[in-house]
Amino acid sequence: MALMFLNGGAMRGGPLHHLLGGAPLMAETRTAPKYRFYSVGGRCPALAPVAHGGAAIAGELYDLDLDLLRDSLLPAEPPELELGVIELADGGSSLAMLLRRPLTSHVPLVDITAQGRWLS
């Protein structure tokens, strides 16, 4: 089992939530204020770590079976994202999907950090 921070379509009520296979929600939480938040082509959100000018981004923390992560959730992620480790508001660590660097596509990125969460 591994903690996974979700901040997009796999959150409760989202179109990808079923991919979690009933994994338990551990907490509604935020990242540490070390990230910029982007809309990737209007399809999904992406966290990007920054040295300065970051914000705390809202999401949900789930306890995921690693097989489910490998076989269900990761294959559904867009190519602009990659698995990484983030810092949570409480100082703990979690897996999360991060903006791939260098960006591997020409999809437009819109900075939505001021929203603090995914609204679509």
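Residues numbered from 1 in each chain as written. Predicted model: local features only at pLDDT ≥ 70, side-chain atom pairs only at ≥ 80, totals over all residues. Heavy atoms only, no water.

### Examining the layout of surface pockets
Now for step 1: For the largest pocket, the calculated volume is near 290 Å³.
Now for step 2: Forming the boundary of the largest pocket are 21 residues, of which G8, G9, C44, P45 and E77 lie nearest the centre.
Now for step 3: Residue assignment for the lining of the largest pocket shows that the elements contributing at least two residues are strand 1 (2-6), strand 4 (44-49) and strand 7 (93-99).
Now for step 4: Here the residues of the lining of the largest pocket are counted per class, giving 14 nonpolar, five polar and two charged.
Now for step 5: In this structure, the second largest pocket spans a volume of roughly 200 Å³.
Now for step 6: Taken together, 11 residues make up the lining of the second largest pocket; nearest its centre are M11, G59, E60, R117 and W118.
Now for step 7: Listing elements by their share of the lining of the second largest pocket, those giving two or more residues are strand 2 (25-30) and strand 5 (58-64).
Now for step 8: Examining the composition of the lining of the second largest pocket, we find that three residues originate from one element, strand 5, more than from any other.
Now for step 9: A class-by-class count of the residues in the lining of the second largest pocket yields three nonpolar, four polar and four charged. (1 Å grid on protein atoms, 1.4 Å probe; cavity = no way out; pocket = protein on both sides within 12 Å on 5 of 7 lines; lining within 4 Å. Points joined across faces, edges and corners; volume = space filled by probe spheres on them. Helix = DSSP H or I, 4+ residues; strand = E, 2+ residues; numbered from the N terminus. Nonpolar A, V, L, I, M, F, W, Y, C, P; charged D, E, K, R; others polar.)

### Considering the environment of A58
Now for step 1: As for its placement among the helices and strands, A58 is situated in strand 5.
Now for step 2: Residues A58 and G22, 36 residues apart in the sequence, show an inter-C-alpha distance of 21 Å.
Now for step 3: Apart from residues no more than four positions distant in its own chain, A58 is found in contact with F5, N7, T29, R30, G116 and R117. (Contact = heavy atoms within 4.5 Å.)

### Structural notes on the UniProt feature "domain: Allophanate hydrolase C-terminal" (unreviewed entry) in the protein
Now for step 1: The UniProt record marks residues 4-118 with the feature "domain: Allophanate hydrolase C-terminal" (unreviewed entry), using the residue numbering of this structure.
Now for step 2: Counting secondary structure, residues 4-118 comes out at 7% helix and 39% strand; the distance between its end C-alpha atoms is 16 Å. (UniProt positions renumbered as here; feature names shortened; annotations may be inferred.)

### Comments concerning the side chain of T31
Now for step 1: Mapped onto the elements of the fold, T31 is located in the loop between strand 2 and strand 3 (35-40).
Now for step 2: Beyond its immediate stretch of four places on either side in the chain, T31 contacts F5, L47, A55, A56, I57, I86, E87, L88 and A89.

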